[in-house]
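Chain by chain, the residues:
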Amino acid sequence: MSLIIKRGTTRTTIGVEVSECEVTITGDDPLQLPVPPAEFARKGGFDGAIVEIRRDFAASWEDSSCGSLNMFLGSVGETAITGTEVRISLKSMIELLNVQMPRNVYQAGCLHTLYSSPGCNVIAADYTFSVAVTSGSTLFVVVASTPEATGYYDLGTIECLEGLNIGEKRTIKNYVLDGSDGRFRVAIPWPYIPEVDDVYEVKPGCDKQHVTCNLKFDNLDNFRGYPVIPAPESTM
């Protein structure tokens, strides 16, 4: 079975409006994708991809000397998966102009991205741990043996290293310590229920707050927030 790729309409306008287009992918072709499109999309394979749509003009199938017309150039936005079908929303490159100005703002939360360098400079390897799954896991919750207190892994990441979900990575919505086991709740369900003794890799997240940077990561020297800035207020 081959890949079937269909696209929606495109349009050209005068100005700086962001054009959009939708692409649908179904089927399966191991020569083009190593895994089915739905699985490839779940693993983030299409994230950040650049898509170009061209209309070619040719006197025959063998002769493309007439050239081509660029119909659309953009990047992958949102991806939706329904069964074996993948729907990708594309946005034109003008989207890159949609940036915050000024680039740096005064706010209570830190402007850095956790583990970025230069910037945050927290070394990810120092906060990366492997945990073994115990009983009681579901598609949304991984139960594993870990000693960290409730909330420690909130907003972090968890990735399967051994088991049916190998290679799958999720954001940790919240983490709760229950006795000797930790319960990692993820925002997006796993393809398969984690099994006992599966191995997962976990990293804590950061809420960008001054106290978290100090007590959790001991990284105040690189904190780029302004915790004492007055809160915004409205006046009539």
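Quick note: structure is the one above.
Residues numbered from 1 in each chain as written. Predicted model: local features only at pLDDT ≥ 70, side-chain atom pairs only at ≥ 80, totals over all residues. Heavy atoms only, no water.

Got a minute to help me understand the sheet that holds strand β2 (residues 20-26) in this structure?
What holds strands together in a sheet is hydrogen bonding between their backbones, with the strands either parallel or antiparallel. Pairing is antiparallel in the open sheet, where 5 strands are placed in the order β1-β2-β5-β4-β3. What marks the edges here is a single partner per strand, and that holds for β1 (4-7) and β3 (50-56). Looking at each pair of strands side by side, their axes are set apart by 35° on average, direction ignored. Across 6 bridges, the pairing between β2 and strand β5 (residues 85-92) is antiparallel. By the bridge assignment for β5, Glu20 is matched with Lys91. (Pairing = 2+ DSSP bridges. Helix = DSSP H or I, 4+ residues; strand = E, 2+ residues; numbered from the N terminus. Axes fitted to C-alpha atoms, helices over the stretch in contact; angles between N-to-C directions.)

Looking at this structure, I do not really get unusual backbone geometry. What am I missing?
Only a minority of non-glycine residues have a phi that is not negative, and only a minority of peptide bonds are not trans. Residue Pro118 follows Ser117 across a cis peptide bond; omega there is 0°. On the secondary structure map, Pro118 appears in the loop between β5 and β6 (129-132).

Please explain the sheet that holds strand β10 (residues 181-186) as it appears in this structure.
Taken in spatial order, the 6 strands line up as β6-β11-β8-β9-β10-β7 in an open sheet, and their pairing is antiparallel. Strand pairing shows two members of the sheet lacking a second neighbour, β6 and β7 (141-145), which therefore form its edges. Neighbour-to-neighbour, the strand axes of this sheet turn through a mean angle of 40°, independent of strand direction. Pairing between strand β8 (residues 157-162) and strand β11 (residues 199-203): 5 bridges, direction antiparallel.

Even after reading the chapter, I still don't get a nonpolar patch on the surface, so can you show me in this structure?
Taken together, the side chains of Tyr106, Tyr226 and Ile229 make up a nonpolar region of the molecular surface, amounting to roughly 310 Å² of accessible area. With respect to the helices, strands and loops of the structure, Ile229 is situated in the segment after α2 (210-215). (Patch = residues over 30% accessible without salt bridge, like charges linked within 9 Å, V, L, I, M, F, W, Y side chains within 5 Å. Areas by Shrake-Rupley, 256 points an atom, 1.4 Å probe, with all protein chains shown as cover. Salt bridge = Lys/Arg side-chain N within 4 Å of Asp/Glu carboxyl O.)

Would you explain the pattern of salt bridges in this entry?
Think of it this way: side chains of opposite charge can pair up when their charged atoms draw near. For the structure shown, the criterion picks out 4 salt bridges. Where Glu17 meets Arg11, a salt bridge forms, and the shortest distance between an N and an O atom there is 2.4 Å. Since its relative accessible area comes to 40%, Glu17 is described here as partly exposed. A salt bridge links Arg170 to Glu168; its shortest N-O distance comes to 3.0 Å. Glu168 carries the same exposure label as Arg170, and that label is buried. (Buried < 20%, exposed > 50% of the residue type's maximum accessible area, 1.4 Å probe, protein only.)

Could you clarify how one ought to interpret the packing of aromatic side chains in this entry?
Taken as a whole and assessed by the stated rule, the structure comprises 8 aromatic pairs. A ring pair is formed by Phe40 and Phe46, whose centres lie 4.9 Å apart and whose planes are at 80°; its orientation type is edge-to-face. Judged by centre distance (5.3 Å) and plane angle (75°), the rings of Trp190 and Tyr200 are edge-to-face. Here the residue Trp190 occupies a position in the loop between β10 and β11, and Tyr200 occupies one in strand β11, the gap between them amounting to 10 residues. (Phe/Tyr/Trp six-rings, centres within 6.5 Å; stacked < 30°, edge-to-face > 60°.)

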